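Structural overview for review
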Amino acid sequence: MSDQHHQPQKTFTITNDETGESWVLPVVEGTVGPPAVDVRKFYAETGHFTFDPSFTSTGSCKSRITFIDGDEGILMYRGYDIKELAEKSTFLEVSYLLLYGDLPNKAEMDDFHHTITYHTMVHEQIINFFRGFRRDAHPMAVMCGVVGALSAFYHDSLDIWDPRQREISAHRLLSKMPTLAAMSYKYGIGQPFIYPRNDLGYAENFLHMCFSVPAEDYKCSPTIARAMDRIFILHADHEQNASTSTVRLAGSSQANPFACIAAGIASLWGPSHGGANQAVLEMLSEIGSKDRIPEFLERAKDKDDSFRLMGFGHRVYKNYDPRAEVLRESCHEVLEELGVSDDPMLELAMELERIALEDPYFVERKLYPNVDFYSGIILKAIGFPPNMFTVLFALARTIGWISQWKEMIEEPAHRIGRPRQVYTGPTARPYVDMGKR
Ligand code: CMC
């Protein structure tokens, strides 16, 4: 059958300078964004691997979920601009969009809302799990363990080849993450766990489980609930970052979704990734006052000093992080509502931002404030301790992880992920008996 619109396959030719041999490689193109050279048969045909240890030039999959243009500062979920979603949508609607591909109509949204709301309770025996941790454990350590343990509680949704079971697992994760995150907080401060309430919205219910006590309900203002919901929207997905790639790689071996999300949580924990929001606040306390900013800027520029300006720079964004732009606005709204707009920490943060944006070192390297720079300040104002910040990131990112996992499992050609290496160790040598070493 002839196809009139058939486009010739674009190719990329690579030549071995030593032998003069050339190979023509197919080019893969998406709907937007730079094209990619398909090197899948490269080793078989040339006897060479490609070498890209931190994956700066490597596309690991095709995906229809999230698009980032780091130079232009654009982030879209399923084609919708993040700023528009943050302004007009809700986290639950965005979750539906990420999971199913399109915005829901009213009936679909009502149904989804009901399903997620009515699965927020966790198996009562999970409480015993929490009791096994030390009270002073980092809540991310608790989350790694407890989310992984969900696979020991929900056996009826572990068959990854059954689409309905995949969907149930996704719903369970989205519903139960706020409950588990709130429990990890309550456990650390020695307060009783608070059960979810079905009459509250997603973000509001989470704040209720964190800040209510049996003796008194938490009164949540619409501004705070909205800011929380917005933080969730902005953190919901970010294409193939370290934790999402971890989830995909774990899932490529056909591991169950709860185990894969636990792997994602572990990867997110590090200060170069999700742990940066906690690190921002710690850095601001360490700097302490505006007059010490120059000293810390000098340290950040010094190659012999491991100190980096936390909340600045991004592997992909070489422009203002669009999420940071939205949160900058929310940050002011929240601080005004709570009457802390003259918070010295915020003043320090604003001054640091101003100076860093003018400093040639940061300008030349395109190191702009990222999402973590502002989220930490908002979360602190709402009342969360810094060690909970990354937990909130994990809560929000769960929908992105599970949507990416689902997309991968549903890809007919998916195979286990297995990078190769350039070996630089000793060449073959004979074993030497202990007495002769
Ligand atoms: N402070 C000082 N210098 C920096 C910083 C920083 N925060 N970030 C990058 N640089 C310098 C770096 O030293 C290098 O300089 P040179 O070219 O002279 O050697 C140049 O900028 C490029 O840095 P890189 O390390 O090659 O960049 P990367 O893409 O590997 O790192 C990053 C990205 C986010 C890990 C890094 O910018 C960083 O450590 N930032 C601070 C931590 C942070 O805020 N992380 C949150 C990221 S956003 C949330 C998320 O996606 O999880």
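Heads up: these notes are all about the structure in this document. Keep in mind that what you see is a predicted model, and the values were worked out from it rather than measured. Here the residue numbers are simple positions, counted from 1 along each chain's written sequence. Note on the predicted model: pLDDT of at least 70 is required for a residue's local features to be given, and 80 or more for side-chain atom pairs to be given and counted; whole-chain, interface and lining totals, by contrast, use all residues. With hydrogens and water set aside, each side-chain value is computed from the structure's full complement of heavy atoms.

**Notes on the overall build of the chain**
Note on conventions: DSSP H or I runs of at least 4 residues are helices, E runs of at least 2 residues are strands, and numbering of each starts at the N terminus. When its secondary structure is counted, the chain shows 18 helices and 6 strands. Restricting the calculation to C-alpha atoms gives the radius of gyration, and the globule rule supplies 2.2 Å times the number of residues raised to the power 0.38. At 24 Å, the chain has a C-alpha radius of gyration in line with the 22 Å of a compact globule built from 437 residues. Across its three principal directions, the C-alpha atoms of the chain cover 75 × 70 × 55 Å. Working definition: with a 1.4 Å probe on protein chains only, accessible area under 20% of the residue-type maximum means buried, over 50% means exposed, and in between means partly exposed. Scored against the burial criterion, the 437 residues of the chain give a buried share of 46%. Contact criterion: two residues are considered in contact whenever any of their non-hydrogen atoms come within 4.5 Å of each other. Pairs at least 24 apart in sequence give 70% of the contacts found in the chain among residues at least 6 apart.

**Quick word on the sheet that holds strand S6 (residues 80-81)**
Each pair of strands is called paired provided DSSP finds at least two bridges between the two strands. Reading across the sheet, the 3 strands line up as S4-S5-S6 and stay open at both edges, with antiparallel pairing between neighbours. Every other strand in the sheet has two partners, leaving strand S4 (66-69) and S6 as the edge strands with one partner each. In this sheet, S6 lies alongside strand S5 (residues 74-77) in antiparallel orientation, the contact comprising 2 bridges. Bridge pairing in S6 places methionine 76 opposite aspartate 81.

**Examining the site of the ligand**
For each residue, the test is whether any non-hydrogen atom lies within 4 Å of the molecule or strand; if one does, the residue is near. Residues in close proximity to the ligand total 21 residues, the closest being His273, Arg308, Leu309, Gly311 and Arg315. Definition of a polar contact: a pair of N or O atoms within 3.5 Å, with one able to donate and the other able to accept a hydrogen when the atoms are protein atoms, and with sequence-neighbouring residues admitted only if both atoms are side-chain atoms. Between an oxygen atom of the ligand and a side-chain N or O atom of arginine 308, the distance comes to 2.8 Å. Alone, the ligand offers 940 Å² of accessible surface; in the complex the protein occludes 76% of this. Any residue outside Ala, Val, Leu, Ile, Met, Phe, Trp, Tyr, Cys, Pro, Asp, Glu, Lys and Arg is labelled polar, Gly included; the first ten of those are nonpolar and the last four are charged. A per-class count over the shell around the ligand returns 9 nonpolar, 7 polar and 5 charged. Surface accessibility in these figures is a Shrake-Rupley result with a 1.4 Å probe; residues are shielded only by whichever protein chains are displayed.

**Re the sheet that holds strand S3 (residues 36-37)**
With antiparallel pairing, the 3 strands of this open sheet are ordered in space as S1-S2-S3. Strands with a single pairing partner mark the edges of an open sheet, and in this sheet they are strand S1 (11-15) and S3.

**Quick notes on unusual backbone geometry**
Negative phi characterises most residues that are not glycine, and trans characterises most peptide bonds. In this structure, glutamine 254 takes a positive phi of about 75° despite not being glycine. Overall, the relative accessible area of 45% leaves glutamine 254 in the partly exposed class. For lysine 366, which is not glycine, the phi torsion reads 55° and is therefore positive. Mapped onto the fold, lysine 366 is located in the loop between helix H16 (360-364) and helix H17 (371-382).

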